[in-house]
2 protein chains.
Amino acid sequence: MIITSVSNNKIKETCKLKDKKYRNSTNSFLIEGKNLIEEAYKKNLLKEIFVLEDNNITLDVPTNYVSKEVMKKLSTTDSIPVVVGVSHKKIEEELGNRLLILDNIQDPGNLGTIIRSSKAFNIDTIVVSPNTVDIYNSKVLRATEGMIFHINIIVRELETFINDIKKDNYIIYGTKVDGGTNVKNIEISSKYALVIGNEGNGMSLNISNLCDHYLYIKMNNEVESLNAGVATSILLYEMDDKYESN
Amino acid sequence: MIITSVSNNKIKETCKLKDKKYRNSTNSFLIEGKNLIEEAYKKNLLKEIFVLEDNNITLDVPTNYVSKEVMKKLSTTDSIPVVVGVSHKKIEEELGNRLLILDNIQDPGNLGTIIRSSKAFNIDTIVVSPNTVDIYNSKVLRATEGMIFHINIIVRELETFINDIKKDNYIIYGTKVDGGTNVKNIEISSKYALVIGNEGNGMSLNISNLCDHYLYIKMNNEVESLNAGVATSILLYEMDDKYESN
């Protein structure tokens, strides 16, 4: 049977997952496209899928076939995906030794890119402030290219969190345009956290004050700053290299 | 006098600049927001501005005041800017020694980010293939954060162009996931070009075959690739460092 009505109850319920509050209350989120569906399935998080009629996707989860019109309703993009699904949120894992802390990142594309780069450069856990854009936002998920399922991500009040991990001997690195250390020249600690601030305003002052060291990326002085996703990725890339050669 | 009609001839003409063909035929383009306006003005490229009523911007160029409705018509974003302007396209400069070649980059945000990073890491000229997204697209311009006015950018048929610069002793670096050299370990040539391919498909084969060396970025093997803007920026960052220490 193919669901053809956009007012079908299951479709209406599923569409509510476009809203952050509903994602939080149900502890689940919407994913689009084969790539994300496969990653969720591999991690045993996939609850249910909706497949566009005339397509064939056989996964061992409840499967609904839907018309083009219904798929359009479920999707958040202009192009109509072949499959969308509902995934459980991931269970929190242990912190590990290498953390990235995000203080109020607002652009979904930047956050998704940062998640992807964090996995590439061996971050164990990403810690996001409650005012950072939701990691389960569809634009964020798309930009992660599936890496959302490959890295531990937790939401915390940052001031408390940073004070706690400092007691546990993590070294805290922030960023600073003036007066910091070129990231090329640092000696990295065996347990650390890198803190990245908001795109326009940087770290909040109370967080900045908690940092042990400040880093910068050397660049042409006609350029004020890099894109936040790029700057974070370069720092992660360089810190990964230092860590490996420790 | 304030222009209040969206059917005003000057407004209609200016709006045509949202179309690439019209930008090409008039050799000019539309810019939005104070930052880009200032950069265009400093480079003597600003032709004319449109200022939102009740705002005051005094620059030595023809200035039109417009209503909110007209500004909305001129703008390409949801938020209404305080000022939009028409800028001449830049005049082509000499190539210099350090080139970035873009083969069919399609995402405007990626291209803008790459332009910004290119200036940060001291590229002299960016060479784009004719099928790359237009550098004067509004989303590209926004992502450059004004850097469009600080770097030489030219459009060329890449195969011919690369063959020409090879005769002139430029060394051509491409990218490859397998079988290349870690960018950390290269010795960089005094005249070079880095070639970056399309987001999904990489470099076209005929271009790839023209490369002298292939580079890769070391990363976690669960990750297939980085965002194109990030990967390009990391390569540029590392190559700039090698170049400086040559």
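All values reported here derive from a predicted model rather than from experimental measurement.

Our next topic: the sheet that holds strand β10 (residues 181–182) of chain B. Residue and element names in this part refer to chain B. The seven strands lie next to each other as β8-β7-β6-β11-β9-β12-β10, forming an open sheet whose pairing is parallel. The sheet terminates laterally at β8 (152–155) and β10, the two strands that pair on one side only. Inspection of the sheet shows strand β9 (residues 171–175) paired to strand β12 (residues 213–216) by three bridges, in the parallel sense. Note on β12: the bridge partner recorded for Y173 is H213. The sheet strands contacting helix α7 (residues 158–167) are β6 (98–102), β7 (125–128), β8, β9 and β11 (192–196), and the helix crosses β6 at an angle near 160°. Relative to β11, helix α9 (residues 228–244) is tilted by about 165°, and along the sheet it contacts β6, β9, β11 and β12.

This part is about the relation of the copies chain A and chain B. When chain A is brought onto chain B, the operation consists of a screw motion whose angular component is 180° and whose axial shift is 0.0 Å, with 0.0 Å RMSD remaining. The transformation relating the two chain copies, once decomposed into turn and shift, fits a two-fold axis. Minimal C-alpha distance to the rotation axis in chain A is attained by V230(A), lying at 2.6 Å. When you check the interface residues of chain A against chain B, 100% turn up at the interface there too, and the contact is symmetric in its surfaces.

Residues and elements named next belong to chain A. Examined at the domain level, chain A breaks down into domain 1 (2–88) and domain 2 (98–244). Computed over C-alpha atoms, the centres of domain 1 and domain 2 are 31 Å apart. Opposite the 15 residues of domain 1 that make contact, domain 2 presents twelve residues. Taking both sides of the interface into account, the surface hidden between domain 1 and domain 2 amounts to around 1100 Å²; carbon and sulfur atoms contribute 62%. Taken together, the links from domain 1 to domain 2 amount to one salt bridge.

Right, let's talk about the interface of chain A and chain B for a bit. The interface is formed by 28 residues belonging to chain A together with 28 residues belonging to chain B. Where chain A abuts chain B, roughly 2500 Å² becomes buried across the two surfaces, and 56% of that area is made up of carbon and sulfur atoms. When the buried area of chain A at its contact with chain B is split by residue, R116(A), K184(A) and Y237(A) rank highest and sum to 23% of it. Linking chain A with chain B are six salt bridges, by the criterion used here. Ionic pairing is found between E238(A) and K184(B), a salt bridge with its closest N-O pair at 2.7 Å. Counting across the chain A and chain B interface gives 14 residue pairs in polar contact (both at pLDDT 80 or more). Where the side of chain A that touches chain B is concerned, the elements lending two or more residues are α5 (108–120) and α9 (228–244) of chain A. Here the side of chain A that touches chain B gets eight residues from one element, more than from any other, and that element is α9(A).

What follows is about the pairing of β7(B). Residue and element names in this part refer to chain B. Here β7 shows a buried face lined by T125 and V127 and a second buried face lined by I126 and V128. The pairing of β6 with β7 spans four bridges and is classified as parallel. Residue L99 lies in a different strand from β7, and its bridge partner there is T125. Between β6 and its parallel partner β7, the chain crosses via helix α5 (residues 108–120), and the hand of that crossover is right-handed. Relative to β8, β7 is paired through four bridges, and the arrangement is parallel. Of the residues in β8, the one forming a bridge with T125 is N152.

A few words on the pattern of salt bridges. For the coordinates displayed, the defined rule picks out 30 salt bridges over all chains. Salt-bridge contacts for D134(A) lead to R23(A); the nearest nitrogen and oxygen are separated by 2.7 Å. Remark: R23(A) occurs in helix α2 (residues 20–26) and D134(A) occurs in the loop between β7 (125–128) and α6 (138–144); sequence separation between them is 111 residues. The residue D168(B) makes a salt bridge to K191(B) at a minimum N-O spacing of 3.7 Å.

The rules behind each value
Residues numbered from 1 in each chain as written. Chains lettered and ligands numbered in written order. Predicted model: local features only at pLDDT ≥ 70, side-chain atom pairs only at ≥ 80, totals over all residues. Heavy atoms only, no water. Pairing = 2+ DSSP bridges. Helix = DSSP H or I, 4+ residues; strand = E, 2+ residues; numbered from the N terminus. Contact = heavy atoms within 4.5 Å. Axes fitted to C-alpha atoms, helices over the stretch in contact; angles between N-to-C directions. Least-squares fit on C-alpha atoms with pLDDT ≥ 70 in both. Domains from an automatic or database assignment. Buried area = accessible area lost by both parts, 1.4 Å probe. Salt bridge = Lys/Arg side-chain N within 4 Å of Asp/Glu carboxyl O. Polar contact = N/O pair within 3.5 Å; in protein donor to acceptor, adjacent residues only side chain to side chain. Buried < 20%, exposed > 50% of the residue type's maximum accessible area, 1.4 Å probe, protein only. Right-handed = clockwise from strand over helix to strand, strands pointing away.

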